[in-house]
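A structural walkthrough
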Amino acid sequence: MTDAQDHDAPSPQHPAEHVTTLWVDADACPRAARDILVRAAERTATPTWFVANHQVPLPRSLHVKALSVPQGADAADQLIVERAHPGDMVITSDLPLALEAIEKGALVMTTRGEALDSNNIRAKVQMRDFMESMRSSGEHTGGPSAYGQREQRDFGNALDRWLAKIRRPIPRA
């Protein structure tokens, strides 16, 4: 595990060297989604950073790296927002992080393959806040369904489509 000061990590100080990067909110990323991301990063040679405040087991790789952040609420989220560039992909189900990443120009996808963008993020954040207030008043609202084969397939397919799109040559006028 590397720390947040890793010299190989892309930074705002070197935008000319920027390559589209995947940023993964690894604190709550299901293991199956992590495995899909690692395979996709290797297959497409896409720089992929798993950011967490705990150790994330990853294989040795030229394309897949981990950044460890200090313990604390939202430390990983803050690092992702700081380091992500417009056009990068952030993988998270954390809606406040998704909103910040979208506002910075990053693309966002959940580990269930759902694209989050400026057209749907605010409504999702509002619904999350509403459900949180319901839970705090004692209402039992349930949680997300289990992360099964269907969710894994949907995520893998959506990730593959996105990676294919960024690898496609841009037509010249």
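Structure first, text after, so check above.
Attention in this report is confined to the structure presented alongside it. For every chain, the first residue of the written sequence is number 1, and numbering continues from 1 along that sequence. In view of the model being predicted, local features appear only for residues whose pLDDT reaches at least 70, and side-chain atom pairs are presented and counted only at 80 or more, with totals across whole chains, interfaces and linings using the full set of residues. Computation of side-chain values: all heavy atoms of the structure, hydrogens and water removed.

So, the packing of helix α1 (residues 31–44) against helix α5 (residues 149–167)
Axis definition: a line fit to C-alpha positions, over the contact stretch in the case of helices; interaxial angles, taken between N-to-C directions, run 0 to 180 degrees. Strands here mean DSSP runs of E at least two residues long; helices mean DSSP runs of H or I at least four residues long; both are numbered from the N terminus. At a minimum axis separation of 10 Å, α1 and α5 run at an interaxial angle of 25 degrees. Taken together, the axes of α1 and α5 are roughly parallel relative to one another. As α1 runs across α5, the sense of the crossing is right-handed. Residues Ala32, Ala33, Ile36, Leu37, Ala40, Arg43 and Thr44 of α1 pack against Gln152, Phe155, Gly156, Leu159, Asp160, Leu163 and Arg167 of α5. Roughly parallel refers to an angle under 35 degrees, roughly antiparallel to one over 145, roughly perpendicular to one between 65 and 115, and oblique to any angle outside these ranges. Here is the rule for handedness: rotate from the far helix to the near one, and if that takes an anticlockwise turn smaller than a right angle the crossing is left-handed, while a clockwise turn gives right-handed. In this description, contact between two residues means that some pair of their heavy atoms is separated by no more than 4.5 Å.

Some remarks on the environment of Thr21
Its location among the elements puts Thr21 in the loop between β1 (2–3) and β2 (22–25). Sequence separation between Thr21 and Asp88 is 67 residues, and the spatial gap between their C-alpha atoms is 5.1 Å.

Quick word on helix α3 (residues 95–103)
Listed as buried for α3 are Leu95, Leu97, Ala98, Leu99, Ala101 and Ile102. Within 3.5 Å is the distance limit for a polar contact, defined as a pair of N or O atoms, with the added protein rule that one can donate a hydrogen and the other accept it, and that residues adjacent in sequence qualify only through two side-chain atoms. With a side-chain oxygen positioned 3.0 Å from the backbone nitrogen of Leu97, the residue opening α3 is Asp94. Looking one or two residues beyond α3, the residue adopting positive phi is Gly105, at roughly 100 degrees. Accessibility here uses a 1.4 Å probe with only protein chains present; expressed as a share of the type maximum, an area under 20% marks a residue as buried, one over 50% as exposed, and anything in between as partly exposed.

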